[in-house]
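# Descriptive analysis of the structure
Spelled out from the first residue to the last, the chains are:
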Amino acid sequence: MSPKIHEIRLDKTKRLAAQSIKGHNRWHPDIPPIVKVDPGDEVWLDTLDAVDRQILPTTGIDEVAKCDLNAAHPLTGPVWVNGAEAGDLLEVRLLEIIADDNGWTAQLPGFGFLRDLFSEPHLVRWRLAAGFAEAPELPGIRIPEASFPGVIGVAPSHAQLQRIITRERVAAQRGGFVLLPDPRSAIPTMEPIASEGLRTIPPRETGGNLDVKQLVKGTTVYLPVWTAGALFSIGDGHFAQGDGEVCGTAIEMAAAFHLRFDLHKAAARERRIGGVQFTGSEEPRPRRRYYATTGLSVKGEVQESEDATLAARNAMLAMIDYLQQRGFDRQQAYAICSVAVDLRISEVVDVPNFVVTAFLPLDIFVA
């Protein structure tokens, strides 16, 4: 039996506010779903670029500095998955990613890993064609396509929403670089969503702005479910990115994502999965299969600011838990991590959370 296929198409010449029935730019459990699907269904979701068409091929450098980050990121969704409940594990397979024909990379004043050293705006305008990106601002450079969603996630529960707001507010009071809830440019505009909806800049245990460049076509992402229906959303298409995304933007673009949803009942709770995990394959050929766990700059209910060490620790602890689920004891798992698992810094710009990813090659398992 063929899967049921749903389509949500956008007018990519218009900003999200003109078609807000199809998306949002805050995380909140009360945002109405735009479509309801069954496990096993497939969905095509069109998406806009990271700053909602504020940067176009005709945009001048002076306009970049005026970019409204309150409008980031326009997400398409939420998608309600029938039967999804807190404690379940949502499986999302990336079947196809269709890139737009143009993109951009911007350096925004006050944003990025080296924001203290690079205070002037800068803009690269990319032509995307035949699997490569080229730009007149970077002559002699050609970047191969490795398209992926920068933002992929689910909604928090009401209780979790309040816990996240509290921990991020405390981090800001300690001097951390935190983007707290802000109703300016929020979509939807309805209250209390606009005033208490979580900003999409930082990733969290619900997923979100992970900026993990390995989430390419063929990858399967596992997201713990926190509220009824899961309320899945996606956006922030990237044509290519380096690990770290250090200037704050990748090759940003509009994109279309073809996804398949499946649901594993109670699996997140039973397997103690408290953050995003994924499996896929990568170069060099022959393509190596892997399983990966992610870590953020959070310790319990304490939000730290831009702490890569803590993010690495959390990624490794999640990998140890995964290996225990495969039958190894804790010390065996720790040893396997030491001899086979790679730690990679996926992003260092989505304040206050850095993302570190632990990659386990699956070809080490011979029995």
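Now for a description of the structure that goes with this document. (Residues numbered from 1 in each chain as written. Predicted model: local features only at pLDDT ≥ 70, side-chain atom pairs only at ≥ 80, totals over all residues. Heavy atoms only, no water.)

## Focus: the overall build of the chain
Looking only at helices and strands, the chain has six helices and 24 strands in total. Expected size for 367 residues packed as a compact globule is a radius of gyration near 21 Å; at 19 Å, the chain falls within 12% of this value. In terms of its C-alpha atoms, the chain occupies a principal-axis envelope of roughly 55 × 55 × 45 Å. For the chain, buried positions account for 55% of its 367 residues. Within the chain, residue pairs in contact and separated by at least 24 positions form 77% of the contacts whose partners lie at least 6 positions apart. Accessible surface, the chain: about 15,400 Å² in total, of which carbon and sulfur atoms supply 53%. Between the mean site of the 38 positive side-chain charges and the mean site of the 47 negative ones, the chain shows a separation of 3 Å. (Helix = DSSP H or I, 4+ residues; strand = E, 2+ residues; numbered from the N terminus. Rg over C-alpha atoms; globule rule 2.2 N^0.38 Å. Buried < 20%, exposed > 50% of the residue type's maximum accessible area, 1.4 Å probe, protein only. Contact = heavy atoms within 4.5 Å. Areas by Shrake-Rupley, 256 points an atom, 1.4 Å probe, with all protein chains shown as cover. Lys, Arg positive; Asp, Glu negative; His and termini not counted. Charge placed at Lys NZ, Arg CZ, Asp CG, Glu CD.)

## Digging into the sheet that holds strand β23 (residues 342-347)
Strands sit in the order β1-β5-β18-β7-β15-β19-β20-β24-β23 across an open sheet of nine strands; the sheet is mixed. Looking along the sheet, the strands with just one partner apiece sit at the ends: β1 (5-8) and β23. With strand direction ignored, the average angle separating the axes of adjacent strands in the sheet is 25 degrees. Taken together, the five bridges between strand β7 (residues 89-99) and strand β15 (residues 220-224) define a ladder with antiparallel strand orientation. Each bridged residue has a counterpart across the sheet, and for Arg93 the counterpart in β15 is Thr220. The sheet contacts of helix α5 (residues 308-325) involve β19 (277-282), β20 (288-295), β23 and β24 (355-361), and relative to β20 the element is tilted by about 125 degrees. (Pairing = 2+ DSSP bridges. Axes fitted to C-alpha atoms, helices over the stretch in contact; angles between N-to-C directions.)

## Here's the deal with the packing of aromatic side chains
On inspection of all chains with the given rule, the structure shows eight aromatic pairs. Each ring, one from Tyr291 and one from Tyr322, has its centre 3.9 Å from the other, and the planes form 5 degrees; the classification is stacked. Linking Tyr291 in strand β20 with Tyr322 in helix α5, this pair joins segments that are 31 residues apart in sequence. For the pair Tyr291 and Tyr322, one class covers both residues: buried. Summarising the aromatic geometry, the rings of Phe328 and Phe365 are spaced 6.3 Å apart at their centres and angled 40 degrees between planes, so their arrangement reads as tilted. On the criterion of sequence distance, the pair formed by Phe328 in the loop between α5 and α6 (330-340) and Phe365 in the segment after β24 is long-range, its members being 37 residues apart. An aromatic cluster is present here, built from Tyr222, Tyr291 and Tyr322 joined pairwise through their rings. (Phe/Tyr/Trp six-rings, centres within 6.5 Å; stacked < 30°, edge-to-face > 60°.)

## Some thoughts on the state of the cysteines
A full pass over the atoms with the stated rule returns zero disulfides. With no disulfide partner, Cys67 has as its closest neighbouring cysteine sulfur the one in Cys247, 13 Å distant. Overall, the relative accessible area of 15% leaves Cys67 in the buried class. (Disulfide = S-S within 2.5 Å.)

## A closer look at the pairing of strand β12 (residues 148-154)
Each regular strand shows side chains that alternate between the opposite faces of the sheet. With seven of seven residues buried, β12 is to be regarded as a mostly interior element. Across six bridges, β12 lies against strand β16 (residues 232-238) in antiparallel orientation. Residue pairing in the sheet places Ile152 in a bridge with Ile234 of β16.

## Quick word on the nonpolar core
If you look at the biggest cluster of nonpolar residues, it comprises 47 residues, and the most contacted ones within it are Leu90, Leu215, Phe232, Leu259 and Phe261. For this core, the element with the most residues is strand β18 (residues 255-264), which contributes five residues. Core analysis: the second largest hydrophobic core is formed by 21 residues, Ala267, Ala268, Cys337 and Val356 among them. (Core = buried A, V, L, I, M, F, W, Y, C linked by side-chain atoms within 4.5 Å.)

## Quick look at the pattern of salt bridges
Summed over the entire model, instances satisfying the criterion amount to 19 salt bridges. Between Glu96 and Lys217 there is a salt bridge; the shortest N-O distance is 3.2 Å. Residue Glu96 is found in strand β7, and its partner Lys217 is found in the loop between β14 (207-209) and β15; the two are separated by 121 residues along the sequence. Residue class for Glu96 comes out partly exposed when judged on its relative accessible area of 26%. (Salt bridge = Lys/Arg side-chain N within 4 Å of Asp/Glu carboxyl O.)

## Digging into the environment of Glu91
Tracing the backbone through its elements, the reader meets Glu91 in strand β7. Given a relative accessible area of 14%, Glu91 falls into the buried group. Counting along the chain gives 249 residues from Glu91 to Ala340, while the straight-line C-alpha distance between them is 25 Å. The residues touching Glu91, leaving out its near neighbours within four places in the chain, are Thr220, Val221, Tyr222, Arg260, Phe261, Asp262 and His264. Side chain to side chain, Glu91 and His264 meet in a polar contact 2.6 Å long. (Polar contact = N/O pair within 3.5 Å; in protein donor to acceptor, adjacent residues only side chain to side chain.)

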